[in-house]
Amino acid sequence: AWEWDGGFNMFKNGSGEILPCVRSAAGLKDNSKWSLTWSDEFQGPAGSGIDKTKWSYRIGGGGWGNKEFQYYTDSTKNSFHDGHGNLVIKAIEEGSPAGTKCWYGKCRYTSARLVTEGKFAQKYGKIEARIKVPYGQGIWPAFWMLGDDFKTEGWPDSGEIDILENIGREPGKVYGTIHGPGYAGAKGIGKSFKLESGKKFTDNFHVFAIEWEPNEIRWYVDGKHFHTVRPKDLPKGAKWVYDHPHFMLLNLAVGGNWPGSPDNTTVFPQQMKIDYVRVYEKS
């Protein structure tokens, strides 16, 4: 039996197979113009690691350009299937695990950073994930993309598209942003999306998506459009670098220039849960 997954006209069975709706039901978003090209439904057994045909790990504690505090590992203690159709990325406070070294000395935290680089990249389309974010001061989950020429062109010339970012001290707000040459870091071009007063993203799963077409990227939360960027929105003379394939990243950072450090209110461990990641192209 096929079961509706809660949105975006997709059905899935217990084996993780997915099927687009042929006909749109009342009140559901019409996905008829999109054709699925790649997905991970995270149906692995409880405790199992990532599907290495789709993802690989990035490992290290050098700060990742943001003075982050975590050491990213390839351990199933930091990224694993929960046996209920979710991937979990888990940030743990554990104090200098063997074999780790961080930019500030002994590592205090571990987590995971997963990428599709070298395995999957796409130019244009709809990219979405259903995610339940963690919470707390200094906690920084993200679902994002980098240009597949990252290794040759470097950042930010390869382009960066942030589909979802949240900083734990703002539990009701998420951000969608692009970073490129002349508009990177704090100069990135982005907007935020806020839930109704008092609601928190950590309380439920939400669908975070972009629709990316030539000369336009649009951001959505649960099907609600909140941000659009076009070449005319860039600083004068800046280059639009979103006309080539990008790969995807999922990570859970601890600390950094933007979210700030964890404090005595921050509870560990923290978990970022991902129900699925799906990529489409225009039919």
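Residues numbered from 1 in each chain as written. Predicted model: local features only at pLDDT ≥ 70, side-chain atom pairs only at ≥ 80, totals over all residues. Heavy atoms only, no water.

### As for the pairing of strand β20 (residues 270–282)
(1) Moving on: Taken together, the six bridges between strand β4 (residues 34–40) and β20 define a ladder with antiparallel strand orientation. For Asp 40, the partnering residue across the bridge sits in β20 and is Val 277.
(2) Moving on: Sheet topology note: the strand β8 (residues 87–93)/β20 ladder contains five bridges and is antiparallel. In the strand pairing of β20, Leu 87 is matched with Ile 274.
(3) Moving on: By the bridge criterion, seven bridges tie strand β11 (residues 125–132) to β20 in an arrangement that is antiparallel. Note on β20: the bridge partner recorded for Ile 127 is Val 279. (Pairing = 2+ DSSP bridges. Helix = DSSP H or I, 4+ residues; strand = E, 2+ residues; numbered from the N terminus.)

### Some details on the pairing of strand β12 (residues 139–147)
(1) Moving on: For β12, the tally of buried residues reaches nine of nine residues, placing the bulk of the element in the interior.
(2) Moving on: Because side chains alternate across β12, one face comprises the buried residues Ile 139, Pro 141, Phe 143, Met 145 and Gly 147, and the other comprises Trp 140, Ala 142, Trp 144 and Leu 146, equally buried. (Buried < 20%, exposed > 50% of the residue type's maximum accessible area, 1.4 Å probe, protein only.)

### A closer look at the state of the cysteines
Working definition of a disulfide: a covalent bond connecting the sulfur atoms of two cysteines.
(1) Moving on: Applying the stated criterion to the full structure yields one disulfide.
(2) Moving on: Bridging Cys 102 to Cys 107, the disulfide has an S-S length of 2.2 Å. Handedness of the Cys 102-Cys 107 disulfide follows from its S-S torsion of about 110°: it is right-handed. No difference in accessibility class separates Cys 102 from Cys 107, as the two residues are buried. (Disulfide = S-S within 2.5 Å.)

### Regarding the nonpolar core
(1) Moving on: Ile 131, Phe 143, Ile 161, Ile 178, Leu 250 and Val 277 are the most contacted members of the largest nonpolar core, which totals 52 residues.
(2) Moving on: In this structure Phe 143 touches Ile 127, Glu 128, Ala 129, Ile 131, Asp 162, Ile 163, Leu 164, Phe 208, Met 248, Leu 249, Leu 250 and Val 277, once residues within four positions along its chain are discounted. (Core = buried A, V, L, I, M, F, W, Y, C linked by side-chain atoms within 4.5 Å. Contact = heavy atoms within 4.5 Å.)

### Notes on the pattern of salt bridges
(1) Moving on: Enumeration according to the criterion identifies twelve salt bridges in this entry.
(2) Moving on: Put simply, Arg 130 and Asp 275 hold a salt bridge, and the shortest N to O gap is 3.0 Å. Taken together, the residues span a long stretch of sequence, with Arg 130 in strand β11 and Asp 275 in strand β20 at a distance of 145 residues.
(3) Moving on: Accessibility expressed as a relative area gives 23% for Arg 130, which makes it partly exposed.
(4) Moving on: Judged by relative accessible area, which is 6%, Asp 275 ranks as buried.
(5) Moving on: Note that Glu 211 and Arg 218 form a salt bridge whose closest N and O atoms lie 2.8 Å from each other.
(6) Moving on: Owing to a relative accessible area of 10%, Arg 218 belongs among the buried residues under this scheme.
(7) Moving on: Several salt bridges share partner residues, and in doing so they unite Glu 211, Glu 213, Glu 216, Arg 218, Arg 230 and Lys 282 into one network. (Salt bridge = Lys/Arg side-chain N within 4 Å of Asp/Glu carboxyl O.)

### Structural notes on the sheet that holds strand β15 (residues 189–194)
(1) Moving on: Taken together, seven strands build an open sheet; the order of strands is β5-β10-β19-β12-β13-β14-β15 and the sheet is antiparallel. With one partner strand each, in any of the chains shown, β5 (56–57) and β15 form the two edges of the open sheet.

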